Amino acid sequence: METLIELSKKMPKTELHLHIEGTFEPEQMFAIAQRNQVELKYHTVEALKAAYQFTNLQDFLDLYYQGMSVLLHEADFYDLTMAYLSKVHSENVVHVEIFFDPQGHLSRGVPFDTQINGIYNALKDAETKWGMTFKLIMSFLRHLSEESAFETLELSKPFLPLIDGVGLDSSEVGHPPEKFLRVFEACKDLGLKVTAHAGEEGPPEYVWQAIDQIGVDRIDHGNRALEDDQLIEEIKKRGLTLTVCPLSNLKLCVVNDMKDHPIKTMLKRGLNATVNSDDPAYFGGYMADNYASLITHTGISKEELLQLAQNGITGSWMENNLKEKHLAQLRTLFA
Ligand code: HPA
Ligand SMILES: [Zn+2]
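In the nomenclature of an unreviewed UniProt entry, the protein chain is known as Adenine deaminase of Marinomonas arctica. Within the UniProt record for the protein chain, the comment given under Catalytic activity (unreviewed entry) is "adenine + H2O + H(+) = hypoxanthine + NH4(+)". Within the UniProt record for the protein chain, the comment given under Function (unreviewed entry) is "Catalyzes the hydrolytic deamination of adenine to hypoxanthine. Plays an important role in the purine salvage pathway and in nitrogen catabolism."

Put into structure tokens, the structure is as follows:
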């Protein structure tokens, strides 16, 4: 009998919540730092890894911004992205929708074209080599101003054909979605899809704002929506997908123990929850590890595993015929 973990490895998977800067493995970070002659605060891979102990989102973000500071050239962005894609290709991930944080690089003098060309060329190469499809999402840093987000949007305009959607990440509490209402209106007018991190640490009110005011197409995390029954009903009514990140939730103390992760509750309540890795190099695992951890600790059933995988396909922004193809493969595998 095939175990659920074996099945989860084999099944075609999508990744809908992934920060490319969060895939920076310490070994690669040191190699690129050396090649760019940038000094890191930590002097060995071991010392850096030992610092990956977070009690909240901000602890992590402080290290995340430090880590990305070694990315300077187009080749750095290409190598980072290709390393991630090749890793998840080996785990049967067939489609990725990845975030990048332009403001985290612009503030260090790295031009928009350097960033996006490196990332996009890797995505195109993975598509050519393995047939892995993708969407690219530009994310605004919510701890910065509305003005900075508008400046970033302006810089992105020559590259809009390469960008599918926009997101909102970084320090959530104190930076509600409504702070960026006008930016997101402008993005929608440009035909971009919209998603936002909401309800990771922030209150249900932020999820309401993301839905009601911003009109998001998807919700990133959304854990705290479970505190509000009316909100759950609204998310269901609108058919919104939640991009849930189990190992991230554990590492950032959004949940205290994987056995208490709310993903089964989300499914039971009829929410379209999906499984994603967020910042796998920092949180201890890629897609396969996230599924394996849920299977081991929460006791999800075969039916729930199939539901999660199906949600990852239906909640993606891929074309409908591709969705049908992947859904048919899943049905065969689970039959
Ligand atoms: O999980 C996250 N939350 C908010 N901002 C982020 N930036 C990278 N990862 C995250
Ligand atoms: Zn995230």
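For the protein chain, the count of helices and strands is 17 helices and eight strands. Relative to the 2.2 N^0.38 estimate, which gives 20 Å for 335 residues, the radius of gyration of the protein chain is 19 Å and therefore close to what a compact globule would have. Considering only C-alpha atoms, the protein chain reaches an extent of 50 × 45 × 40 Å along its principal axes. Buried residues in the protein chain amount to 44% of all 335 residues. Within the protein chain, counting contacts between residues at least 6 apart in sequence, those at least 24 apart form 77% of the total.

Residues in contact with ligand 1, as listed here, are His19, Gly22, Leu57, Tyr64, Asp169, Ser170, His197, Glu200, Ser248, Asp278 and Asp279. Class assignment of the residues belonging to the shell around ligand 1 gives a composition of two nonpolar, five polar and four charged.

The subject of this paragraph is helix H15 (residues 287-298). Residues spaced three or four apart along an α-helix face the same direction, because each turn holds 3.6 residues. The terminal C-alpha atoms of H15, which comprises 12 residues, lie 16 Å apart, in line with the 16 Å expected from a rise of 1.5 Å per residue. Along H15, the positions that sit buried rather than exposed are Met287, Asn290, Tyr291, Leu294 and Ile295. Projected down its long axis, H15 carries its buried residues within an arc of 130°, all on one side. Gly299 lies just past H15 and shows a positive phi near 65°.

So, on to the UniProt feature "active site" (unreviewed entry) in the protein chain. Sites flagged by UniProt as "active site" (unreviewed entry) map to Glu200. The class for Glu200 is buried, based on 24 C-beta atoms found within 10 Å. Not counting residues up to four positions away in its chain, the partners in contact with Glu200 are Leu57, Glu172, His221, Asn223 and Val254.

Take the packing of helix H8 (residues 146-156) against helix H9 (residues 181-189) next. One can describe the packing of H8 onto H9 by two numbers: an axis separation of 9 Å at closest approach and a directional angle of 15°. In terms of orientation, H8 and H9 fall into the roughly parallel class. Where H8 crosses over H9, the handedness of that crossing is right-handed. Between H8, through Glu146, Ala149, Phe150 and Leu153, and H9, the contact on the second element is made entirely by Arg182, Val183, Ala186 and Cys187. Partitioned by chemical class, the residues of the contact of H8 with H9 number six nonpolar, no polar and two charged.

Turning our eyes to something else, we now look at the sheet that holds strand S2 (residues 93-100). Sheets are built from strands paired through backbone hydrogen bonds, the pairs being either parallel or antiparallel. Taken in spatial order, the eight strands of this open sheet run S1-S2-S3-S4-S5-S6-S7-S8, and their pairing is parallel. Looking at the sheet topology across the chains shown, the edges are occupied by strand S1 (13-19) and strand S8 (272-275). The mean inter-strand angle of the sheet, taken between neighbouring strand axes irrespective of direction, is 25°. Where strand S4 (residues 165-169) meets strand S5 (residues 193-198), two bridges bridge the pair, whose relative direction is parallel. Across the sheet, residue Gly165 finds its bridge partner in S5, namely Lys193.

Cut-offs used in this document
- Residues numbered from 1 in each chain as written.
- Chains lettered and ligands numbered in written order.
- Predicted model: local features only at pLDDT ≥ 70, side-chain atom pairs only at ≥ 80, totals over all residues.
- UniProt positions renumbered as here; feature names shortened; annotations may be inferred.
- Helix = DSSP H or I, 4+ residues; strand = E, 2+ residues; numbered from the N terminus.
- Rg over C-alpha atoms; globule rule 2.2 N^0.38 Å.
- Buried ≥ 20, exposed ≤ 12 C-beta atoms within 10 Å, placed from the backbone.
- Contact = placed C-beta atoms within 7 Å.
- Near = placed C-beta within 6 Å.
- Nonpolar A, V, L, I, M, F, W, Y, C, P; charged D, E, K, R; others polar.
- Expected span 1.5 Å × (residues − 1).
- Arc of directions from axis to C-beta.
- Axes fitted to C-alpha atoms, helices over the stretch in contact; angles between N-to-C directions.
- Parallel < 35°, antiparallel > 145°, perpendicular 65-115°, else oblique.
- Left-handed = near helix turned anticlockwise from the far one by under 90°.
- Pairing = 2+ DSSP bridges.

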